[in-house]
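Examining the three-dimensional arrangement
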Amino acid sequence: MAKKIHKETDIVFHIRRYNPELDSKPLWKKYTVHVEPGMTVLDGLHQIRETQDASLSLRYSCRMGVCGSCGMLLNGRPSLACNTQILDITTKVLTVASLPNFDIIKDLVPDLTPLFEKHISTSPHIVRNDADEMLNPTGEFYQTPEELTRYLQFTYCIKCGLCMSACPTLATDPEYIGSQALPQAYRYNVDTRDDGFNLRKKIVGSTHGVFRCHYAGECSNVCPKGVDPARAIQLMKRELVLDYLKLKKHRAKSHICSKPEGVERIPEIPEAPPFTVEQK
Amino acid sequence: MAEYKKYSNRLGITGWLAGGRWGIERYLYSLHRITGLGILLYFILHIFVTSSRVFSMDAWEKWMGFFGSPIFKFGEFLVFVAFAFHAVNGIRLFLIELGFAVGKAEEPIYPYKSSLNTQRPLMVVLMIVAIVLIAAGGYEFLGLTH
Ligand code: SF4
Ligand code: FES
């Protein structure tokens, strides 16, 4: 598809402002910004802060779609402000609002605490039965490229919350664990180094877990990293159903790669630096 | 952590439709819920009306006469539309929620393709089936056969 050529123009930003100290509810305010091709919404918001209204609050950090801080509702679609070029989505008016389904702290700053709490609740880390190996590792784990592919896609999550604000289930069920945390649970469930399936099952299979999802699919549409949360959630449902029916296949676990014998360490390779954190 | 005043920005039930630039599957999700509620409402009404026979023949006939009017005939057709969509879309969801038609995890390469693309042929075929069913139902219900 040929890329559209954009021309510089004036765009009216309708921004949903909310100051907790003064306002009882958010109010829309208008700002006109001179936009040049290539300008992102984040650039536009900076311009407003620099030339028109320094009190506008927003959250951002990396400016390059990596940190996941600048999620906003842009013309009715949850998007990263730094990753969205203004002229790609409008030629006249741009509406900018805080991410839905998250409380507003101020202006365009959502409270992402529920995202992190839900994320933590699913034990999003390698859980193993051999605590000894966890604390005092004796080697690395083998994993084939196919085993890696099974979860790699889901590791790209930057925790921006766009998926959660696009979710119609979360719109009515605040307790729903949601499209950020559930794929992370799946990511570890299918990791061949992990033994945490039974631990996570209690959380992800609960009333507010995966079975609340009915594939609106918008999480996968808006995800800026191609994580495809909707896919992970459906695949996890299948896992849980098979487990319930006692039909879940037993997958071979990664084994520890033994240290090679009879070889000398190459002298130029330095030893690992000493620990910087006290070891228990 | 310090407590501070926040504004609740949950979309609530309006979030099923309102918002904005959503994909088709999200609208199907909302339609599935709305048709489900419609069928439930019909079901309750149906039980209520048919149970009137227990009280008397008169009551039964009164209700039957009331619901025999063309507007309810059309209402009945709408129930059929809801049922046809809900049933066919339900088959799609049943398959998808058991992990079929969503594909396997793959390395995301921009522009991203997702499970939505993988299931789309199934969605299109089933929606055509729903439309055919609805058309056939319309032919029957709206008296076009006579
Ligand atoms: S899954 Fe995608 S949209 Fe959701 S938090 Fe992670 S990166 Fe953001
Ligand atoms: S500022 Fe980091 S993702 Fe936009």
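Please read all numbers here as calculations on a predicted model, not as lab measurements. (Residues numbered from 1 in each chain as written. Chains lettered and ligands numbered in written order. Predicted model: local features only at pLDDT ≥ 70, side-chain atom pairs only at ≥ 80, totals over all residues. Heavy atoms only, no water.)

**With respect to the environment of Pro-110 of chain A**
All names here are of chain A. Just so we agree on the cut-off: For helices the rule is a DSSP run of H or I covering at least 4 residues; for strands it is a run of E covering at least 2, with both sets numbered from the N terminus onward. Here's how the labels work: a residue is buried when its accessible area is under 20% of the maximum for its type, exposed when over 50%, partly exposed in between, all with a 1.4 Å probe on protein chains only. We call two residues in contact when some of their heavy atoms are within 4.5 Å.
Within the fold, Pro-110 resides in strand E7 (residues 109-110). Given a relative accessible area of 2%, Pro-110 falls into the buried group. Along the sequence, Pro-110 and Ala-166 sit 56 residues apart, while their C-alpha atoms lie 14 Å from each other. Look past the residues within four positions of Pro-110 in its chain and what remains in contact with it is Arg-59, Ser-98, Leu-99, Phe-102, Asp-103 and Ile-105.

**Observations regarding the packing of aromatic side chains**
Operational definition: In this scheme Phe, Tyr and Trp rings, the latter by its six-membered ring, pair at centre separations within 6.5 Å, and the angle between planes marks the pair as stacked below 30 degrees, edge-to-face above 60, and tilted otherwise. Each ring is checked for a lysine NZ or an arginine CZ that lies within 6 Å of its centre and within 35 degrees of its normal; such an atom marks a charge sitting over the ring.
In the structure shown here, the tally under the stated rule is 6 aromatic pairs over all chains. Both rings, one in Phe-48 of chain B and one in Trp-63 of chain B, keep their centres 5.5 Å apart while their planes meet at 75°; by these two values the pair is edge-to-face. Placement of the pair is Phe-48 of chain B in helix H1 (residues 24-50) and Trp-63 of chain B in helix H2 (residues 57-67), with a sequence separation of 15 residues. Exposure remark for Phe-48 of chain B: the relative accessible area of 48% places this residue in the partly exposed category. In this structure Trp-63 of chain B comes out as partly exposed when scored by relative accessible area, which is 24%. Judged by centre distance (6.5 Å) and plane angle (40°), the ring pair of Phe-80 of chain B and Phe-83 of chain B falls under tilted. Placement of the pair is Phe-80 of chain B and Phe-83 of chain B together in helix H3 (residues 70-97), with a separation of 3 residues, close to one helical turn. Its guanidinium or amino end placed over the ring of Phe-100 of chain B, Arg-238 of chain A lies 5.2 Å from that ring's centre, counting from NZ or CZ. The ring centre of Trp-22 of chain B lies 4.0 Å from the NZ or CZ of Arg-26 of chain B, which sits over that ring.

**Things to note about the pairing of strand E5 (residues 93-97) of chain A**
All names here are of chain A. The condition is simple: Two strands pair under a simple rule: DSSP has to find at least two bridges between them.
By the bridge criterion, 4 bridges tie strand E1 (residues 9-17) to E5 in an arrangement that is parallel. Note on E5: the bridge partner recorded for Val-12 is Val-93. Note that strand E3 (residues 71-74) and E5 share 2 bridges and pair antiparallel. Across the sheet, residue Leu-74 finds its bridge partner in E5, namely Val-96.

**Let's talk about the interface of chain A and chain B**
Inclusion rule: Defined here as a combined quantity, buried area equals the accessible surface (1.4 Å probe) lost by two parts on assembly, summed across both. Salt bridge, as used here: a side-chain nitrogen of Lys or Arg that lies within 4 Å of a carboxyl oxygen of Asp or Glu. Pairs of N or O atoms are called polar contacts if they sit within 3.5 Å, as long as, within protein, a hydrogen donor faces a hydrogen acceptor (for residues adjacent in sequence, only side-chain-to-side-chain pairs). Following the grouping adopted for this structure description, the nonpolar residues are Ala, Val, Leu, Ile, Met, Phe, Trp, Tyr, Cys and Pro, the charged ones are Asp, Glu, Lys and Arg, and the polar ones are all others, Gly among them.
The interface of chain A with chain B comprises 60 residues on the first partner and 42 residues on the second. Summed over both sides, the interface between chain A and chain B buries roughly 4200 Å², with carbon and sulfur atoms accounting for 52% of that surface. Sorting the residues of chain A by area buried against chain B places His-214, Tyr-215 and Arg-231 of chain A first, and these three jointly supply 17% of that buried surface. For the pair chain A and chain B, the number of links is 3 salt bridges. Between Asp-111 of chain A and Lys-6 of chain B there is a salt bridge, and its shortest N-O distance comes to 2.7 Å. Across the contact surface, chain A and chain B share 30 residue pairs in polar contact (both at pLDDT 80 or more). Looking at which element gives the most residues to the side of chain A that touches chain B, the answer is helix H11 (residues 229-244) of chain A, with 7 residues. Split into classes, the residues belonging to the side of chain A that touches chain B amount to 28 nonpolar, 18 polar and 14 charged.

**Regarding the nonpolar core**
Residues and elements named next belong to chain A. For the record, the criterion: To form a nonpolar core, buried Ala, Val, Leu, Ile, Met, Phe, Trp, Tyr and Cys residues must be joined to one another through side-chain atoms within 4.5 Å. What marks off one domain from the next here is an automatic or database domain assignment.
With 67 residues, the main nonpolar core has Phe-13, Ile-15, Leu-45 and Val-96 as its most contacted residues. Looking at this core, you find at least three residues from each of domain 1 (9-110) and domain 2 (113-248). Beyond its immediate sequence surroundings of up to four residues, Val-96 is in contact with Phe-13, His-14, Ile-15, Arg-16, Trp-28, Leu-45, Met-72, Leu-73, Leu-74 and Leu-108.

**Observations regarding the pattern of salt bridges**
Applying the stated criterion across every chain, the model contains 16 salt bridges over all chains. Residue Lys-6 of chain B is joined to Asp-103 of chain A by a salt bridge in which the shortest nitrogen-to-oxygen separation is 3.9 Å. Here Lys-6 of chain B, found in the segment before H1, pairs with Asp-103 of chain A, found in the loop between E5 and strand E6 (104-106), and the two come from separate chains. On the basis of relative accessibility, which here comes to 32%, the residue Lys-6 of chain B falls in the partly exposed class. When the shortest N-O distance is used, the salt bridge between Asp-191 of chain A and Arg-187 of chain A registers 3.0 Å. Owing to a relative accessible area of 9%, Arg-187 of chain A belongs among the buried residues under this scheme. Each of Arg-17, Asp-53 and Asp-107 of chain A takes part in a single network of salt bridges with overlapping partners.

**Quick look at the domain arrangement of chain A**
All names here are of chain A. In terms of domain boundaries, chain A breaks down into domain 1 (9-110) and domain 2 (113-248). A C-alpha centroid distance of 30 Å is found between domain 1 and domain 2. Domain 1 puts 15 residues into the contact, and the matching count from domain 2 is 17 residues. Summing the contributions of domain 1 and of domain 2, the shared interface buries around 1100 Å²; its carbon and sulfur component is 60%. The largest share of the area that domain 1 buries against domain 2 comes from Pro-78, Asn-101 and Phe-102, three residues that together contribute 46% of it. Linking domain 1 to domain 2 there are 1 salt bridge. A salt bridge links Arg-77 to Glu-218; the shortest N-O distance between them is 3.8 Å. Those elements giving two or more residues to the side of domain 1 that touches domain 2 turn out to be E3 and strand E4 (77-80). With 4 residues, E4 is the largest single contributor of residues to the side of domain 1 that touches domain 2.

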